[in-house]
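Residue strings, one per chain:
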Amino acid sequence: MRAPQLVIVETDGWIARLLGDLATDSAWLVRGTRSADSAIALVRTRRPSVLVVQVDPADDKSPALELISDANRSCPDVPVIAISDVKFNDADRVAWTSALFDLGVRYALFPPLTRPVLEDVVSGLMGAATVRAGIVIEPAPQADKPKPKPRLRRAEPADDVIDLADEEAHE
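Residues numbered from 1 in each chain as written. Predicted model: local features only at pLDDT ≥ 70, side-chain atom pairs only at ≥ 80, totals over all residues. Heavy atoms only, no water.

Asker: Please provide a residue-by-residue account of the environment of Val121, values included.
Answerer: Mapped onto the fold, Val121 is located in helix α5 (residues 115-132). Between the C-alpha atoms of Val121 and Ile81, which are 40 residues apart in sequence, the distance is 8.7 Å. Ignoring any residue separated from it by four or fewer positions in sequence, one finds Val121 in contact with Ile81 and Tyr107. (Helix = DSSP H or I, 4+ residues; strand = E, 2+ residues; numbered from the N terminus. Contact = heavy atoms within 4.5 Å.)

Asker: With reference to specific residues and values, describe α5.
Answerer: With 18 residues, α5 ought to run about 26 Å at 1.5 Å a step, and its terminal C-alpha atoms sit 26 Å apart, in line with that. Its buried side turned inward, α5 meets β1 (5-9), α1 (14-26), β3 (49-54), β4 (80-83) and β5 (107-109). (Expected span 1.5 Å × (residues − 1).)

Asker: Describe the pattern of salt bridges, with residues and values.
Answerer: Following the criterion strictly, the structure yields 3 salt bridges and no others. Among the salt bridges present, the one from Arg73 reaches Asp70, with a minimum N-O distance of 2.9 Å. On the criterion of helical spacing, the pair formed by Arg73 and Asp70 is a turn pair, its members being 3 residues apart in helix α3 (residues 63-74). Taking relative accessible area as the criterion, Asp70 reaches 23% and is therefore assigned partly exposed. With its nearest N and O atoms 2.8 Å apart, the salt bridge here joins Arg93 to Asp90. Of this pair, Arg93 and Asp90 both sit in helix α4 (residues 90-103), 3 residues apart, roughly one helical turn. (Salt bridge = Lys/Arg side-chain N within 4 Å of Asp/Glu carboxyl O. Buried < 20%, exposed > 50% of the residue type's maximum accessible area, 1.4 Å probe, protein only.)

Asker: Which residues make up the nonpolar core, and what values go with them?
Answerer: Within the largest apolar cluster, 24 residues are counted, with the highest numbers of intra-cluster contacts made by Leu51, Val55, Ile68 and Leu100. Elements with a minimum of two residues in this core: β1, α2 (36-43), β3, α3, β4 and α4. Here this core takes 5 residues from α3, the largest share from any one element. One finds Leu6, Ile8, Leu18 and Met126 within the second-largest nonpolar core, a separate group that totals 19 residues. (Core = buried A, V, L, I, M, F, W, Y, C linked by side-chain atoms within 4.5 Å.)

Asker: Explain the sheet that holds strand β2 (residues 29-33) residue by residue, including any values.
Answerer: Sheet architecture is open: 5 strands sit in the order β2-β1-β3-β4-β5, paired in parallel fashion. What marks the edges here is a single partner per strand, and that holds for β2 and β5. Neighbour-to-neighbour, the strand axes of this sheet turn through a mean angle of 20°, independent of strand direction. With 4 bridges joining them, β3 and β4 adopt parallel strand pairing. Pairing of Val52 across the sheet is with Ile81, part of β4. Against the sheet, α3 engages β1, β3 and β4, with an angle of about 160° to β3. (Pairing = 2+ DSSP bridges. Axes fitted to C-alpha atoms, helices over the stretch in contact; angles between N-to-C directions.)

Here is the structure:
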């Protein structure tokens with residue numbers, strides 16, 4: 001089985017740090033890169049993948065936007081998550097979210113962003129990618145539990161047995 005992979009395109013490593021424990025616990029490969037070409041090559045491999053891209057909204061000609069578009073075009077079955085560390089007002093956040101959805105992202109995440117939310121989004125998308133790939137991940141086998149000892153039953157008197165002690169008591 002080819003292990004699922006999490007491809008992260010970022011500049012400073014904070015996303016990989018947030019997702020490191022989840023990836024380790026889930027036995028996913030984590031591939032970090034800064035190159036759009038490397039990211040596309042990684043997600044084209046025949047394994048379940050999720051692409052996480054750090055977006056810098058201050059840079060309108062960001063290579064991240066082109067990467068998202070290229071990934072959607074060449075690998076439409078690979079989910080893309082766009083993450084920014086820039087906090088917007090409501091109108092700008094809606095505009096950026098809309099633009100990112102038009103490019104093909106499944107989720108656009110902006111601050112305030114908590115680790116549990118990011119982990120839930122990534123694990124849900126990875127689970128769906130794994131199912132689409134037809135890979136069944138079975139839970140680790142659990143240690144055999146000790147079997148309970150059988151209880152000793154009292155012997156029940158048979159219906160055809162006559163207990164003389166009982167008859168004497170009744171007379």
